[in-house]
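Descriptive structure summary
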Amino acid sequence: MSALDNAIEILRCFAPHQPEISNADVIRLTGKPKSSTSRLLRQLKECGLLEQDALTRRYRPGLLVFELGRLHRTQNDFVALAEQRLRAVCAKTGHTGYISVLDGAEQVVLRVVPGSNPLQVVTPPGVRAPAFATSNGRAMLARLGDADIRARMPKPLPAISPSAPRNLTALMARIAEIRRTGYSEASNESLPGVGSLGFALTRRDTNETIGVAVSYPSQLTSAEERAKLWQALRAMAVDLGRLFDDPIWLALDSATPIRKAAAR
């Protein structure tokens, strides 16, 4: 980690007013010895994090830094636009919305859009939950191959709640339905008294996938209200699917009618 810390310290020497740096700049800004500074700069150049001007011998960020920065901006644009559309759904319905990503067998909350309803449970960004027991978590799992899903899942599945899948067979049955409709629902699973509807969205050019869900009080939300909520979410999914060239939503857009939320 010390080598990584040293590399990060050097990269932080770059700034809008200082797009290029020299050995002397790094020594002045970091206080590192001349010998170790020269070695670190050479290593960063060899791995593509830095480039060196042949005439001035000054260093600038390399192609790898540019590629990582472009990927970061792409992801932020992807998530930001999804959040913008989710805000409209939450403003219309009063429920709380979430955008999450998949990390192994867990989903991690990236963004939260609070609802206006007085009864709500808000899970803050950074919180993890078993993906198999949430609506958007299962929707993201459905984008993976069966072998990948089985490899990620703990064996046996932990007993989250009576409503959550109890084993891989039950989970794969729900995954199959999500793949058929794009629709994912959870009720009283990771949180008692809370239901949610969700879907997954993939950006074709980067293969990034996010999960989008809206949560609500499970006992106070009627089947009719859930059906209207899914209509709003499905319209959002189709719209973003066209924009980001998601092959699943492009296919579902022209294939299946809106599926009503099942009464719980």
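Summary of the structure given here. (Residues numbered from 1 in each chain as written. Predicted model: local features only at pLDDT ≥ 70, side-chain atom pairs only at ≥ 80, totals over all residues. Heavy atoms only, no water.)

A word on the packing of helix α1 (residues 2–11) against helix α3 (residues 34–46)
Orientation of α1 relative to α3, taken along the N-to-C sense of each, is 85°, at an axis distance of 11 Å. Put simply, α1 runs roughly perpendicular to α3. For the pair formed by α1 and α3, the contact residues are Asn 6, Ala 7 and Ile 10 on the first element and Leu 40, Leu 41 and Leu 44 on the second. Here the residues of the contact of α1 with α3 are counted per class, giving 5 nonpolar, 1 polar and no charged. (Axes fitted to C-alpha atoms, helices over the stretch in contact; angles between N-to-C directions. Helix = DSSP H or I, 4+ residues; strand = E, 2+ residues; numbered from the N terminus. Parallel < 35°, antiparallel > 145°, perpendicular 65-115°, else oblique. Contact = heavy atoms within 4.5 Å. Nonpolar A, V, L, I, M, F, W, Y, C, P; charged D, E, K, R; others polar.)

Topic: the pattern of salt bridges
As enumerated under the stated definition, the model contains 21 salt bridges in all. The residue Arg 85 makes a salt bridge to Asp 239 at a minimum N-O spacing of 2.1 Å. A residue pair is termed long-range when its members are at least 10 positions apart, and Arg 85 in helix α4 (residues 63–93) and Asp 239 in helix α8 (residues 223–243) qualify at 154 residues. Residues joined in a network through salt bridges with shared partners are Glu 20, Glu 51, Asp 53 and Arg 60. (Salt bridge = Lys/Arg side-chain N within 4 Å of Asp/Glu carboxyl O.)

As for the packing of helix α2 (residues 23–30) against α3
Remark: α2 packs on α3, axes separated minimally by 10 Å, with the N-to-C direction vectors making an angle of 120°. In terms of orientation, α2 lies oblique with respect to α3. In terms of crossing hand, the pair formed by α2 and α3 is right-handed. Touching Asn 23, Val 26 and Ile 27 of α2 are Lys 34, Thr 37, Ser 38 and Leu 41, all from α3. Of the residues assigned to the contact of α2 with α3, the class counts are 3 nonpolar, 3 polar and 1 charged. (Left-handed = near helix turned anticlockwise from the far one by under 90°.)

Some remarks on the pairing of strand β7 (residues 194–203)
Extensive coverage of β7 is indicated by the burial of 10 of its 10 residues. Burial along β7 is two-sided: Val 194, Ser 196, Gly 198, Ala 200 and Thr 202 facing one way and Gly 195, Leu 197, Phe 199, Leu 201 and Arg 203 facing the other are all buried. Relative to β7, strand β6 (residues 184–187) runs antiparallel, the two being bridged by 4 bridges. Bridge pairing in β7 links Ser 187 to Gly 195. Taking the residues between adjacent antiparallel strands as the criterion, β6 and β7 are bridged by 6 residues, where Asn 188 takes a positive phi near 55°. Of the strand pairs in this sheet, β7 and strand β8 (residues 208–217) are connected by 10 bridges, and their pairing is antiparallel. Along β8, the bridge assignment pairs Val 194 with Pro 217. Taking the residues that link successive antiparallel strands as the turn, the β7-β8 hairpin has 4 residues, and the phi of Asn 207 there is positive, at about 60°. (Buried < 20%, exposed > 50% of the residue type's maximum accessible area, 1.4 Å probe, protein only. Pairing = 2+ DSSP bridges.)

Things to note about the environment of Phe 14
Looking at the secondary structure, you find Phe 14 in the loop between α1 and α2. For Phe 14 and Trp 249, which are 235 residues apart along the polypeptide, the C-alpha to C-alpha distance reads 42 Å. Not counting chain neighbours up to four residues away, the residues in contact with Phe 14 comprise Pro 19, Glu 20, Ile 21, Leu 50, Tyr 59, Arg 60 and Pro 61.

Points about the packing of aromatic side chains
Tallied over the full model, the rule gives 4 aromatic pairs. Centre to centre, the rings of Tyr 183 and Trp 230 are 4.9 Å apart; their planes meet at 90°, and the pair counts as edge-to-face. Taken together, the residues span a long stretch of sequence, with Tyr 183 in the loop between α7 (168–181) and β6 and Trp 230 in helix α8 at a distance of 47 residues. Of the two residues, Tyr 183 and Trp 230, both sit in the buried class. Aromatic pair Phe 199 and Trp 249: ring centres 5.9 Å apart, planes at 85°, arrangement edge-to-face. Remark: Trp 249 occurs in helix α9 (residues 247–253) and Phe 199 occurs in strand β7; sequence separation between them is 50 residues. Note on accessibility: Phe 199 and Trp 249 belong to one class, buried. Aromatic rings pair up to connect Tyr 183, Phe 199, Trp 230 and Trp 249 into one cluster. (Phe/Tyr/Trp six-rings, centres within 6.5 Å; stacked < 30°, edge-to-face > 60°.)

Description of the sheet that holds β8
Spatially, β5-β4-β3-β8-β7-β6 is the arrangement adopted by the 6 strands of the open sheet, whose pairing is antiparallel. Only two strands of the sheet have a single neighbouring strand rather than two, namely β5 (128–130) and β6. Here the strands of the sheet are splayed against their neighbours by 35° on average, with no regard to which way each runs. Those strands touched by α8 are β6, β7 and β8, and its axis lies near 10° from that of β7.

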